[in-house]
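Listed below, chain by chain, are the residues.
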Amino acid sequence: MYAFPGAFQGGSSGGGRRGGEKKKKKNKGGGGGRGYGRGGGGSGKKVVARVREILTNSNGDRKRQLDEVRWLVREQRGGRLDITTEALREMLISVLRDGALAAATVLGRAHAGGPEGDTPFTPTDALHILVAMPQHFDCAPLEGAEFVDTVAGMTQFGSASLHAYFRSRCRWAVLEFLSEAAQVMSDIRSRPLDALVRQGKALPSLEYQGPGMKSGEMSFRGSSGGQGQAGMRGIMPGDYVMVTPSDGGRPEEMSVEKSGMPTILKVLDKSGLEKIQQRFGRVATFRVDKLANRTSFARQLAGTASMSAHPPSAVARAITESLLQAGPQIEALCSQRYGIPSAMSFMSGGSASTLNPSQMTAMASAVSNRVTLVQGPPGTGKTAVACQIVEHWVRTRAFGRDGVLCCSDSNIAVDNMLEGLVKRGINCLRLGRPETTSPHLLQYSLEGMVEARCGPNPAPQDRHQVTQRIIGEAGVVCCTCVGAGTAMLSTKGKGSSQGKRFAGVLIDEAAQATEIAAAVAISLGCEQLVLV
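A quick note: this is a predicted structure, and the numbers were derived from the prediction, not measured. (Residues numbered from 1 in each chain as written. Predicted model: local features only at pLDDT ≥ 70, side-chain atom pairs only at ≥ 80, totals over all residues. Heavy atoms only, no water.)

## Overview of the pairing of strand E4 (residues 252-258)
Consideration 1: Counted residue by residue, E4 has 5 buried out of 7 residues, so it is predominantly covered.
Consideration 2: The pairing of strand E3 (residues 240-245) with E4 spans 4 bridges and is antiparallel. Bridge pairing in E4 places Val243 opposite Glu252.
Consideration 3: Hairpin connection from E3 to E4: 6 residues lie between these consecutive antiparallel strands, with Gly248 at a positive phi of about 80°.
Consideration 4: Direction of pairing for E4 relative to strand E5 (residues 263-267): antiparallel, over a ladder of 4 bridges. Opposite Ser255, over in E5, you have Lys266 as the bridge partner. (Buried < 20%, exposed > 50% of the residue type's maximum accessible area, 1.4 Å probe, protein only. Helix = DSSP H or I, 4+ residues; strand = E, 2+ residues; numbered from the N terminus. Pairing = 2+ DSSP bridges.)

As structure tokens, this is what we get:
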């Protein structure tokens, strides 16, 4: 049905072939049959062009955008947009990046509401659309949740349970993201600028210098603010910011590539770069405000999409399928034997000899069952048991070539785990921003290891090769749950068709992590899960 990405198919009800060119000629001028999409061939392009024109001419006026998009939909036969999958996906992404969330919902429903009940998207398509979710003054969390419903309704899944899992968890992620964004926008509107600058949440007065060194980058100079008072994190690379012209023009969301002097920002949509550069070149100064955490949002969506598309393991399948299906999937999984320890080697000698009977029982369950929950009040040695479990996995090569992942919701808990494993002689790698890692553990961070091998300023190609080698050699990777979604772990290594898999996953302080954050780690191939 959607065989020609980026084009609009010809033909009538039996369309979808290149022979639709004849139909296009018959319908020329809009007479007879459908004059758009699948029915009229080229007229579908006019719909996309018209949407693009609406976005350009409205100058960010959301009400005007919504009114004109609704009128455009009414003009279509049956109120239905009939365009190819790729064109629909790119159109929705473009509308979202322009900030027109309500208009995107109207366009999505106009396609999804057709009599055929088309579901053209894959979970990956839906992911690419939802990641473009805008964050500005007009985006209400419930509007975002409604858009998730629209996109999920147009997405194909292997089962009703997978569909329900994707829809519900993506709603959670969007509601969390837009609620955080709403709070940020409230602070921008109501709090004094100098207070935000002191907290490291704003840069008061930047001047646009010109294009950066890389495609999509823009260079700014001026204020040295944004670092905040002592102890404040400030605006750092990887953050997302709103850049507002001093002339009251339309603000733009950008990512921070480099902070300090100069400040390098990158546009989210390179197709509009030239117009942004021209517009910014006519403005004296800009205000920069830190926005909600889009990186965490994107990683949570990616984990949800991975769990929904092709559940990568028995653990992932049980989580997703138990949502609707009756039956003890989770209960059965927890009692399922997995990875029976050879000769119960952990029982004798080594650091395991320091465990008390209750800790030994928890350890025995964790290394021999598919899923284990270790509970206990503070001070009962849960972290010591967690480190012992991971040591057993590594020493016995429990998962072959697959890795072991140690996660937590907080960086402090990750560092505590890392320190305990290092004392046991385990080869560990700490992922995450250097400023989030304890100074005495920086030697185990990726940045510290790369610098130790390549020097302070390695060539990009050398850095990439060394990074992948370090990740491949690590016995254990330690990071936050959301940090496990870094692209470095999904990069395909030499001779591999996929990124690094982690069959053993241990989540410390699991009650502090949300389910969608934990899913980021579980989606990387978890076969044995321990929650502490």
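Now that the structure is up, let's keep going.
## Comments concerning the sheet that holds strand E6 (residues 286-290)
Consideration 1: Spatial strand order, E1-E2-E5-E4-E3-E6: 6 strands in a closed barrel with antiparallel pairing. Across this sheet, the average inter-strand angle for adjacent strands is 45°, counted without regard to direction.
Consideration 2: Helix H11 (residues 273-280) rests against strand E1 (202-211), strand E2 (217-222), E3, E4, E5 and E6 of the sheet, and its axis sits at about 20° to E2. (Axes fitted to C-alpha atoms, helices over the stretch in contact; angles between N-to-C directions. Contact = heavy atoms within 4.5 Å.)

## Quick notes on the packing of aromatic side chains
Consideration 1: One pass over the full model with this rule turns up 8 aromatic pairs.
Consideration 2: Pairing Phe220 with Phe280 gives two aromatic rings, centres 6.4 Å apart and planes at 70°, and the pair type is edge-to-face. Of this pair, Phe220 sits in strand E2 while Phe280 sits in helix H11, and the two are 60 residues apart along the sequence.
Consideration 3: Judged by relative accessible area, which is 0%, Phe220 ranks as buried.
Consideration 4: Its relative accessible area of 1% is what places Phe280 among the buried residues.
Consideration 5: Centroid distance Phe220 to Phe286: 5.7 Å. Interplanar angle 85°. Geometry classified as edge-to-face. (Phe/Tyr/Trp six-rings, centres within 6.5 Å; stacked < 30°, edge-to-face > 60°.)

## Considering the confidence of the model for the protein chain
Consideration 1: Across the protein chain, the average pLDDT comes to 81, with 83% of residues at 70 or higher.
Consideration 2: Within the protein chain, no element has a lower average pLDDT than helix H2 (residues 37-40), which sits at 36, and none a higher one than strand E10 (residues 476-480), at 95.
Consideration 3: Counting interchain partners and residues more than four positions distant, the pLDDT-below-50 stretch residues 1-42 has 75 contacts.
Consideration 4: Note that residues 228-232 has pLDDT below 50 and, in this model, 8 contacts with residues that lie over four places away or in other chains. (pLDDT = per-residue confidence, 0-100.)

## Re the nonpolar core
Consideration 1: One finds Met91, Val95, Leu107, Leu130, Met133 and Phe147 to be the most contacted residues of the largest nonpolar core, which totals 51 residues.
Consideration 2: Counting residues per element, the ones that place at least two in this core are helix H3 (43-57), helix H4 (62-75), helix H5 (85-97), helix H6 (101-112), helix H7 (123-131), helix H8 (141-153), helix H9 (160-190) and helix H12 (294-309).
Consideration 3: With 8 residues, the top contributor of residues to this core is H9.
Consideration 4: What Leu130 contacts, discounting residues up to four positions off in sequence, is Phe147, Val148, Val151, Phe166, Cys170, Phe297 and Leu301. (Core = buried A, V, L, I, M, F, W, Y, C linked by side-chain atoms within 4.5 Å.)

## Quick look at the environment of Glu180
Consideration 1: Mapped onto the elements of the fold, Glu180 is located in helix H9.
Consideration 2: Overall, the relative accessible area of 34% leaves Glu180 in the partly exposed class.
Consideration 3: A C-alpha to C-alpha distance of 9.3 Å links Glu180 and Pro141, two positions 39 residues apart in sequence.
Consideration 4: At 3.3 Å, the side chain of Glu180 and the backbone nitrogen of Asn293 are in polar contact. (Polar contact = N/O pair within 3.5 Å; in protein donor to acceptor, adjacent residues only side chain to side chain.)

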